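Next come the chains, spelled out residue by residue.
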Amino acid sequence: MPEKKPSIKPFGYNGKILHVDLSNKTWHVEEPSEKWYRTYVGGSSMASYYLLKELKPGVDPLSAENVLVFACSVLTGAPLSGFNRFTVAAKSPLSHGFGETEAGGFWGPELKFSGFDGIVIKGRADKPVYLWINQGKVEIRDAAHLWGKDNWQTKEIIREEHGDKRIRMVSIGQAGENLVRFANVQHEMAHFNGRTGMGAVMGAKNLKAIAVRGKGKMILADAEKVREIGRWHNERIKSHPSNINLTKFGTTFQVSVLNHTGMLPTHNFRDGVFAGAHKINEVTYHDTIFHSRGTCYACSVKCKREVSKDDGKYLLDLRHGGPEYETLGTLGSMCEIDDLAAIAKGNQICGLTGMDTVAAGCVVAFAMECYEKGILTKEDTGGKAIRFGNADAMIWLLEQMAIRKGIGKTLSEGVKRAAEIIGNGADRYAFHIKGSELPAHDGRGKTAMAMGYALSATGADHVECPHDTAFAANISPLNPVGLLDTVEPLINDYNKVRYFSIGQRVWGINNCYGICNFCSVPIHAMDFDHLVKTVNAVTGWQTSLFEIMKVSERSITMSRVFNNREGFGPEDDRVIRRWHEGFKEGALKDKPIDRDSFRKVIDLYYEVSGWNAEGSPTTGKLIDLNLDWLIEEAV
Ligand code: SF4
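The structure presented is a predicted model; accordingly, all values stated were derived computationally and were not measured. (Residues numbered from 1 in each chain as written. Predicted model: local features only at pLDDT ≥ 70, side-chain atom pairs only at ≥ 80, totals over all residues.)

**Here's the deal with the overall build of the protein**
Then, in step 1: On a plain count of helices and strands, the protein comes out with 23 helices and 18 strands.
Then, in step 2: Computed over its C-alpha atoms, the radius of gyration of the protein comes to 23 Å, within 12% of the 26 Å expected for a compact globule of 635 residues.
Then, in step 3: Residues counted as buried form 60% of the 635 residues belonging to the protein.
Then, in step 4: Counted over contacts in the protein with a minimum sequence separation of 6, partners at least 24 positions apart contribute 70%. (Helix = DSSP H or I, 4+ residues; strand = E, 2+ residues; numbered from the N terminus. Rg over C-alpha atoms; globule rule 2.2 N^0.38 Å. Buried ≥ 20, exposed ≤ 12 C-beta atoms within 10 Å, placed from the backbone. Contact = placed C-beta atoms within 7 Å.)

**Details of the nonpolar core**
For soluble globular proteins, nonpolar side chains are generally found buried alongside one another.
Then, in step 1: By size, the foremost hydrophobic cluster in this structure holds 197 residues, and its most contacted members are Val69, Val363, Ala367 and Met394.
Then, in step 2: Broken down by element, this core gets its largest block of residues, 12 residues, from helix α14 (residues 357-372).
Then, in step 3: Beyond its immediate sequence surroundings of up to four residues, Met394 is in contact with Leu331, Cys335, Ile337, Ala342, Gly346 and Val364. (Core = buried A, V, L, I, M, F, W, Y, C linked by C-beta atoms within 7 Å.)

**Re the site of the ligand**
Then, in step 1: The environment of the ligand is formed by 13 residues, the closest being Cys296, Cys299, Cys303, Cys516 and Phe518.
Then, in step 2: Classifying every residue of the shell around the ligand by side-chain character gives seven nonpolar, four polar and two charged. (Near = placed C-beta within 6 Å. Nonpolar A, V, L, I, M, F, W, Y, C, P; charged D, E, K, R; others polar.)

**Section: helix α15 (residues 391-402)**
Then, in step 1: For α15, with 12 residues, the first-to-last C-alpha span of 17 Å sits near the 16 Å given by 1.5 Å per residue.
Then, in step 2: At its buried positions, α15 is contacted by α5 (174-177), α12 (325-332), α13 (340-353), α14 and α16 (407-411).
Then, in step 3: Two residues or fewer after α15 comes Arg404, characterised by a positive phi angle close to 50°. (Expected span 1.5 Å × (residues − 1).)

**Looking at the pairing of strand β7 (residues 129-134)**
Then, in step 1: Here β7 runs beside strand β8 (residues 137-142); their pairing, made up of six bridges, is antiparallel. Looking at β8, one finds that Ile133 is bridged to Val138.
Then, in step 2: Two successive antiparallel strands, β7 and β8, enclose a turn made up of two residues, where Gln135 displays a positive phi of approximately 55°.
Then, in step 3: Note: β7 against strand β12 (residues 207-213), six bridges, orientation parallel. Bridge pairing in β12 links Leu131 to Ile210. (Pairing = 2+ DSSP bridges.)

**Concerning the sheet that holds strand β4 (residues 86-91)**
Then, in step 1: The strand order across the open sheet built from six strands is β2-β1-β6-β3-β4-β5, with neighbouring strands paired in mixed fashion. Looking at the sheet topology across the chains shown, the edges are occupied by β2 (26-30) and β5 (98-103). Strand-to-strand twist in this sheet, taken as the mean axis angle between neighbours without regard to direction, amounts to 15°.
Then, in step 2: Bridge analysis of strand β1 (residues 17-21) against strand β6 (residues 118-122) gives five bridges, and the strand direction is parallel. Residue Val20 lies in a different strand from β6, and its bridge partner there is Ile121. (Axes fitted to C-alpha atoms, helices over the stretch in contact; angles between N-to-C directions.)

**What to know about the domain arrangement of the protein**
Then, in step 1: Structurally, the protein comprises domain 1 (17-213), domain 2 (255-437) and domain 3 (443-630).
Then, in step 2: Look at where the C-alpha atoms of domain 2 and domain 3 centre, and you get two points 27 Å apart.
Then, in step 3: In this assembly, 19 residues from domain 2 lie in contact with 21 residues from domain 3.
Then, in step 4: For the side of domain 2 that touches domain 3, the elements supplying multiple residues, two or more each, are β17 (432-433) and β18 (436-437).
Then, in step 5: Each residue belonging to the side of domain 2 that touches domain 3 can be placed in one class, and the counts come to nine nonpolar, six polar and four charged. (Domains from an automatic or database assignment.)

**Here we look at the packing of α12 against α14**
Then, in step 1: At a closest axis distance of 7 Å, the pairing of α12 and α14 adopts a crossing angle of 15°. In terms of axis orientation, α12 runs roughly parallel to α14. Seen from above, α12 lies across α14 with left-handed handedness. Note on element contacts: α14 touches α12 through Thr357, Val358, Gly361 and Cys362, opposite Glu326, Thr327, Thr330 and Leu331.
Then, in step 2: For the contact of α12 with α14, the class distribution of residues is three nonpolar, four polar and one charged. (Parallel < 35°, antiparallel > 145°, perpendicular 65-115°, else oblique. Left-handed = near helix turned anticlockwise from the far one by under 90°.)

Listed below in structure tokens is the structure:
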């Protein structure tokens, strides 16, 4: 276990990790050393540490034996745009491997202000409970009255119960309770720890919510320096083109960009151009359903969207947020649905019931293709024609999945397991990587991103490495980490391996230090120099870009060891069949990812990373990263 901390009060972090055992209804506080915090710092790195230490290989992700980690970082809660993220991690019910997902919002900072840097949850309550953390005091409370309630109702009831509207909450809806494998953890209807099924893990533990209230202050080593960096950062956000775009349109502009470049996932990844893209793009969005912008703690970008409309068919409630790009892609073009109000309605259903819109949209598209091919029929769907383009069918399927009813019960297992249950060749249309459905970015147009989908420990992940297209014309933001040549998005060669390997470690920084990618290095307003200065000003450490990159590499390596000991190997580092087939039209027509050259870059990445031919980190690499305690674990 981590060494005891020294007696001095740390800067930035609290030095306290809360451990809760739901089976015994007990809890205790661990106080790790400064050395431990400096080694693991937070987020995905801290979560990987606890999953490797506390979770035995081979356990059922939906059993009491799974371990669920909520991890802030040493920086979470610093008064800077984007320094608000926290990680939720456990063994994933979708992949049976490493499960991890980040969200921004306000919950992470509130947990820090309440006195804790993270929570490690074991066991399973014998009846529904919620955790109430108030100024460092912890209670495990009865949640019988909350079970069956949606996420909005849960938040309102708990706030009313305590007479405090400022309580921050993560919770699950009916989907998490019903063990939908892609259930998410949501926070205030706008922020989602969406991927890898962490809501189902909460549901399996009978844990409905974690409500937090903290009035403490984050003690900064050099508060004036942090304020100075914050002013610089916010000024830069105002003039940085990518941040200006995010403020104006959120992420919705991606619909136009990706459709124009021929890689907007359409018809279950069959096509890259969607005829109805103009009906769901950023212009239509802001002309029709947009109401206002939302934000996260201390962030001046304000990329969140809130929508409102009553067209007589779909009532969109402003309080329930609005779809971001990924949802427009998965519930929209993937299902060939061009009705923006219907997509926003689907987004609200997912928000209220607690389902990841990425996975849910992919599952709907899979079901629609099975119906198109005659693998599913009206007998399976209770008479519904679940055709591509049928918005009512999309909404109906989402509702059925959340309550696991009829065909929804099969689909709630995710595409991999649903295809096994359905049989009859359904697996040809079940697109997943390591059991995880794919976000709305097509790897045929961005091969480093495709490497990220293949190599991410969580399965298909579009935020594993900065997308190739961001650096096709100008690589200068990545010069400080030694990348000097611009990136060719369609090429698969050793240069791409180098770009991916370094780019992965760069974006991994944001997951470990709890920073939003939309505010941070390397694409948006933060630069490496100010990032290093921020860590130093918050913590009082004398860190360097070298040490920060090592933290990220350590985290990537730990999650790989986790998967290796669960039985994952090189055959799992792959992309989907359709990406090895060409598009029939659009800018990327007849440009598939070549299977052999892709395998070669994956194998070369193992070498670059200090992994053996089986994709396992070598003893030398583990020693290099201060992970000698994992030598026995690595297989
Ligand atoms: S850029 Fe958007 S997602 Fe990121 S912290 Fe700001 S408001 Fe939140």
